[in-house]
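A closer look at the structure
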Amino acid sequence: MTSSLKHIGVLTSGGDAPGMNAAIRAVVRCALHHGLKVTGIPEGYSGLLGGELKPLNSLSVSNIINLGGTFLKSARCMEFYKPEGRTQAAERLEAEGIDALVVIGGDGSFTGAVALSREHKVSVVGIPGTIDNDIYGTDFTIGFDTAINTVQSAIDKIRDTATSHNRLFFIEVMGRDAGYIALYSGIGAGSEEILIPEQSRGLDYLLQSLERSGRAGKTSSIVVVAEGDKSGGVYELAKAVEETLPGYSSKVTVLGHLQRGGSPTCTDRVLASRLGVAAVDTLRDGTSGVMVGLRNNRISLTGLEKACKERPDIDAELIRVSEIVST
Ligand code: ADP
């Protein structure tokens, strides 16, 4: 353990994700367990610049493990993009006696943490918190499991109407650059087709696939579309299918922000608890500039810079499974 580590700051930054509270709780409880002081920084990097810092004790994080969102609040902070903003943040950390920072967020938040660490030698550890599951160096990010379960249960409900009325439903789910939410929830909810940005297969592919399932006797279909898929967008796809395949009556549902909220699943709470403890352990070991993640169900460290710059490949085995089971 580094004897200089006495006081940890923790913040949540970027898009909120269910399980962030469980991660804060684990950071606080693990730090206290080792006799370290912990301070909560409100509203992401904005809180470092001018927010009211909160000393955290064990009771401060009671009864939050079951809550979605983040009780520290999250924000996007434009000043932090500029070196002067980061200098101000580093000066505040020093003035408050905070030796190290735990940043819970996505790749944008990690990019800010890398800059702060490089320019001002601040010790930082990242915890991946985003529903998109698009961070290199971890099999799963905090919030992903909750999001896919939310989407799956929404699709199950929509399927009742699809089958009762012989309809084709296009369901847009989150994922501007990554198709993981679409792929997992689409497989889990038994969708007939899944369109993701990593493939962007286009309208012709979709039409052929729907024609095939029509010939096979299917009278209703669910097509899950990640928002970043470039096949044309849900409304345009629905219109094009109705024009080309007159047998289909198409409907569109955009799930939107309901995917970000809700009580975290047990899997997310356990993941967040493991990563929160691992973040404090990592700082106590004297290691900085890394993200804690889970690989093959074991804690794994990845350089923060690599975690920001690289993108996890979409899993080819999952795509194959989705193709086989949807026919
Ligand atoms: P996420 O962490 O979910 O990817 P953002 O991309 O919005 O979310 O990033 C969250 C915050 O991290 C930004 O508002 C900003 O304060 C900080 N940040 C993001 N990118 C950078 C960058 N290139 N340099 C410095 N700070 C950054």
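Residues numbered from 1 in each chain as written. Predicted model: local features only at pLDDT ≥ 70, side-chain atom pairs only at ≥ 80, totals over all residues. Heavy atoms only, no water.

**Some details on the environment of I131**
Mapped onto the secondary structure, I131 falls in the loop between strand 5 (123-128) and helix 5 (144-165). For I131 and G232, which are 101 residues apart along the polypeptide, the C-alpha to C-alpha distance reads 24 Å. When sequence neighbours within four positions are dropped, the list of residues in contact with I131 reads A17, P18, I142, G143, F144, A147, M174, I181, Q259 and R260. (Helix = DSSP H or I, 4+ residues; strand = E, 2+ residues; numbered from the N terminus. Contact = heavy atoms within 4.5 Å.)

**What about helix 8 (residues 234-244)?**
For helix 8, the complete set of buried residues consists of V234, L237, A238, A240 and V241. All buried residues of helix 8 lie within an arc of 165° about the axis, which places them on one face of the element. Looking at helix 8, the residues exposed on the side facing more than 90 degrees away from the buried face are Y235, K239 and E243. (Buried < 20%, exposed > 50% of the residue type's maximum accessible area, 1.4 Å probe, protein only. Arc of directions from axis to C-beta.)

**Examining the sheet that holds strand 9 (residues 249-254)**
The strand order across the open sheet built from 4 strands is 7-8-6-9, with neighbouring strands paired in parallel fashion. The sheet terminates laterally at strand 7 (193-195) and strand 9, the two strands that pair on one side only. On average, adjacent strands in this sheet sit at an angle of 20° to one another, irrespective of strand direction. Inspection of the sheet shows strand 7 paired to strand 8 (residues 221-226) by 3 bridges, in the parallel sense. Residue pairing for strand 8: I194 is matched across the bridge by V224. In the packing of helix 7 (residues 203-215) onto the sheet, contacts are made with strand 6 (167-173), strand 7 and strand 8, and the angle to strand 7 comes to roughly 170°. (Pairing = 2+ DSSP bridges. Axes fitted to C-alpha atoms, helices over the stretch in contact; angles between N-to-C directions.)

**As for the sheet that holds strand 10 (residues 290-295)**
Sheet architecture is open: 7 strands sit in the order 3-2-1-4-5-10-11, paired in mixed fashion. With one partner strand each, in any of the chains shown, strand 3 (54-55) and strand 11 (298-303) form the two edges of the open sheet. Taken together, the 6 bridges between strand 10 and strand 11 define a ladder with antiparallel strand orientation. Bridged to V292 within strand 11 is L301. Running over the sheet, helix 4 (residues 107-120) touches strand 4 (100-105), strand 5 and strand 10 and is turned about 160° from strand 4. Of the strands in this sheet, strand 1 (7-12), strand 4, strand 5, strand 10 and strand 11 are in contact with helix 9 (residues 266-284), which crosses strand 10 at around 140°.

**Some words on the packing of aromatic side chains**
Summed over the entire model, instances satisfying the criterion amount to 6 aromatic pairs. Between F144 and Y180, the aromatic rings sit 6.5 Å apart at their centres with planes inclined by 90°, giving edge-to-face as the arrangement. Of this pair, F144 sits in helix 5 while Y180 sits in helix 6 (residues 180-188), and the two are 36 residues apart along the sequence. Across this residue pair, the class does not change: F144 and Y180 are buried. On the numbers, 6.4 Å between centres and 40° between planes, the contact of Y180 with Y184 is tilted. Residue Y180 and its partner Y184 are located together in helix 6, separated by 4 residues, close to a single helical turn. Using a relative accessible area of 27% as the deciding quantity, one classes Y184 as partly exposed. An aromatic cluster of at least three residues, connected via ring pairs, comprises F140, F144, Y180 and Y184. (Phe/Tyr/Trp six-rings, centres within 6.5 Å; stacked < 30°, edge-to-face > 60°.)

Function-wise, these values are silent; they only describe arrangement.
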